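# Results of the structural survey
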Amino acid sequence: RKPWGAFESAFVRSPSFTDEVGGIESEVRMEDEGDIDVNQELSPLAMSESSRRLIIMGGPASGKGTQCEWISRRYNIVHLSTGDLLRNAVAKDASPGSIGALAKMYMDNGKLVPDDVIIHILKERIVQPDCQERGYLLDGFPRTRAQATALIEMGIRPDTFIFIDVPDEVLIERVVGRRMDPVDGKIYHLTFKPPPEEIKGRLITRSDDNEENAWKRLRQFHENVSSVKECFQDIMVQVDGASSPDSVAESIKILLERKGPTSRIA
Ligand code: AP5
């Protein structure tokens with residue numbers, strides 16, 4: 001299945017979902033789940049003993065995607081980024097009434113996509129065999145208490161919840177300077193991680209990466225973060241994300257490989 005498979009199937013039939021964003025009302029129809037029972041409880045025993053189930057959370061541009069690159073490679077787990085799933089949907093089809101159009105409207109307004117929609121998408125993706133066999137790294141989900149509750153109700157029990165802590169002003173600077181390579185999806189920063197000269201011309205800026213939008217995303221993050229953290233207190237590790245990417249990576253690696261109760265590396 002393609003990474004956006006969930007979208008292809010998730011929004012074609014009834015029941016419908018209606019919401020209003022930026023003064024525009026939209027309706028997107030949601031499809032039955034077909035042969036996948038998204039309400040099934042996932043048995044931890046179905047997974048390999050050694051596979052990891054991780055969640056990574058942090059503010060907008062806190063470095064989740066940057067860290068996920070090496071974490072998913074090192075532990076051979078599936079990187080599930082809800083932001084990437086949504087961007088793929090937009091790239092694929094953003095015509096009126098499509099899930100891409102709906103997602104774009106929320107993202108470009110710096111708003112969270114409604115819980116019902118993103119929960120449905122995540123559920124459909126996480127029950128796929130690759131996640132069940134290899135384990136997964138949830139990046140950008142859950143972001144609200146409703147999303148966290150949905151995971152718990154589904155019987156999904158992560159081993160570790162990684163929280164990347166970065167001051168607001170640093171986050172804004174990172175959002176504004178971020179660039180992405182459309183060829184391989186690699187993330188750069190004009191100051192902190194300059195791209196090689198030969199690919200500079202093809203780099204793109206995400207449509208939601210502007211300062212005004214970043215503050216809106218940050219506000220929503222602060223409104224929701226405590227309630228999500230509360231749900232995973234017992235498995236939470238927290239790192240100082242304001243240092244260099246390598247140093248953040250080293251902190252995460254130490255915590256993951258010396259797994260224990262809630263701890264912090266500052
Ligand atoms: P999403 O793509 O998840 O956006 P985000 O949470 O704002 O996170 P980012 O992808 O912006 O940043 P990141 O933490 O991955 O940082 P990165 O590694 O790129 O979601 C986008 C939108 O989709 C949301 O706003 C929402 O609308 C919607 N959405 C997604 N999930 C949803 C959900 N569950 N519910 C509802 N809506 C949802 O790094 C950022 C920059 O900093 C880069 O340039 C990088 O090179 C640089 N950098 C990284 N680490 C460091 C470091 N240590 N030092 C210096 N620079 C660094």
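Whatever comes next refers back to the structure up there.
Described below are features of the structure shown in this document. (Residues numbered from 1 in each chain as written. Predicted model: local features only at pLDDT ≥ 70, side-chain atom pairs only at ≥ 80, totals over all residues. Heavy atoms only, no water.)

As a further point, take the overall build of the protein. Check the secondary structure of the protein and you find 10 helices and 10 strands. Considering the protein as a whole, with its 266 residues, one finds that 51% of them fall into the buried category. Partitioning the contacts of the protein with sequence separation of at least 6, the portion at a separation of at least 24 is 70%. Just so you have it, the protein exposes about 12,800 Å², and 50% of that area is on carbon and sulfur atoms. (Helix = DSSP H or I, 4+ residues; strand = E, 2+ residues; numbered from the N terminus. Buried < 20%, exposed > 50% of the residue type's maximum accessible area, 1.4 Å probe, protein only. Contact = heavy atoms within 4.5 Å. Areas by Shrake-Rupley, 256 points an atom, 1.4 Å probe, with all protein chains shown as cover.)

Any pair of aromatic rings gets described here by the distance separating the centres and the angle formed by the planes. Counting across every chain of the model gives 2 aromatic pairs. Residues Phe 161 and Phe 232 carry aromatic rings whose centres are separated by 5.1 Å and whose planes lie at 10 degrees to one another, so their mutual orientation is stacked. Of this pair, Phe 161 sits in strand β6 (residues 160–165) while Phe 232 sits in the loop between α9 (211–231) and β9 (236–240), placing them 71 residues apart in sequence. In this pair, the class of Phe 161 matches that of Phe 232, namely buried. Between the aromatic rings of Phe 163 and Phe 221, the centroid separation amounts to 6.3 Å while the plane-to-plane angle is 10 degrees, which identifies the pairing as stacked. Placement of Phe 163 in strand β6 and of Phe 221 in helix α9 is noted, with a sequence separation of 58 residues between them. A residue is classified by how much of its surface remains accessible, and Phe 221, at 13% relative accessible area, is buried. Directly above the ring of Tyr 75 sits Arg 52, whose terminal nitrogen or CZ lies 4.3 Å from the centroid. The aromatic ring of Tyr 188 is capped on one face by Lys 193, whose charged end is 5.3 Å from the ring centroid. (Phe/Tyr/Trp six-rings, centres within 6.5 Å; stacked < 30°, edge-to-face > 60°. Lys NZ or Arg CZ within 6 Å of the ring centre and 35° of its normal.)

Running from N to C, helix α7 (residues 145–153) and α9 point in directions that differ by 20 degrees, and their axes come no closer than 8 Å. Relative to α9, α7 is oriented roughly parallel. Regarding α7 and α9, the two cross each other, and that crossing is right-handed. For the pair formed by α7 and α9, the contact residues are Arg 145, Ala 148 and Ile 152 on the first element and Ser 227, Val 228, Glu 230 and Cys 231 on the second. (Axes fitted to C-alpha atoms, helices over the stretch in contact; angles between N-to-C directions. Parallel < 35°, antiparallel > 145°, perpendicular 65-115°, else oblique. Left-handed = near helix turned anticlockwise from the far one by under 90°.)

Overall, the coordinates contain 12 salt bridges when judged by the stated rule. A salt bridge links Arg 125 to Asp 130; the nearest nitrogen and oxygen atoms lie 2.7 Å apart. The shortest N-O distance in the salt bridge between Arg 217 and Asp 208 comes to 3.7 Å. Taken as a pair, Arg 217 and Asp 208 share a single burial class, namely buried. Look at the salt bridges and you will find they share partners, linking Arg 178, Arg 206, Asp 208, Asp 209 and Arg 217 into a network. (Salt bridge = Lys/Arg side-chain N within 4 Å of Asp/Glu carboxyl O.)

Inspection of the region around the ligand gives 35 residues, with Thr 66, Lys 111, Arg 143, Arg 178 and Tyr 188 positioned closest. At a separation of 2.8 Å, a nitrogen atom of the ligand approaches a polar backbone atom of Gly 140. Measuring from an oxygen atom of the ligand, one finds a backbone N or O atom of Tyr 188 at 2.7 Å. Bound to the protein, the ligand loses 96% of the 1,000 Å² it would expose on its own. Among the elements of the structure, α2 (64–75), α3 (82–92), β8 (187–189) and α10 (245–257) are those that each provide at least two residues to the shell around the ligand. Looking at which element gives the most residues to the shell around the ligand, the answer is α3, with 4 residues. In terms of residue class, the shell around the ligand is built from 13 nonpolar, 13 polar and 9 charged. (Near = heavy atom within 4 Å. Polar contact = N/O pair within 3.5 Å; in protein donor to acceptor, adjacent residues only side chain to side chain. Nonpolar A, V, L, I, M, F, W, Y, C, P; charged D, E, K, R; others polar.)

What follows concerns the pairing of strand β5 (residues 135–139). Along any regular strand, the residues point their side chains to alternate faces of the sheet. Buried residues dominate β5, accounting for 5 of its 5 residues. Burial along β5 is two-sided: the residues Gly 135, Leu 137 and Asp 139 and Tyr 136 and Leu 138 are all buried. Two elements, strand β3 (residues 52–58) and β5, share 5 bridges in a ladder whose sense is parallel. Opposite Arg 52, over in β5, you have Gly 135 as the bridge partner. When strand β4 (residues 78–81) meets β5, the two strands line up parallel, connected through 4 bridges. Following the sheet pairing, Ser 81 is matched in β5 by Asp 139. (Pairing = 2+ DSSP bridges.)

So far we have only geometry, and geometry alone does not tell us how the molecule works.
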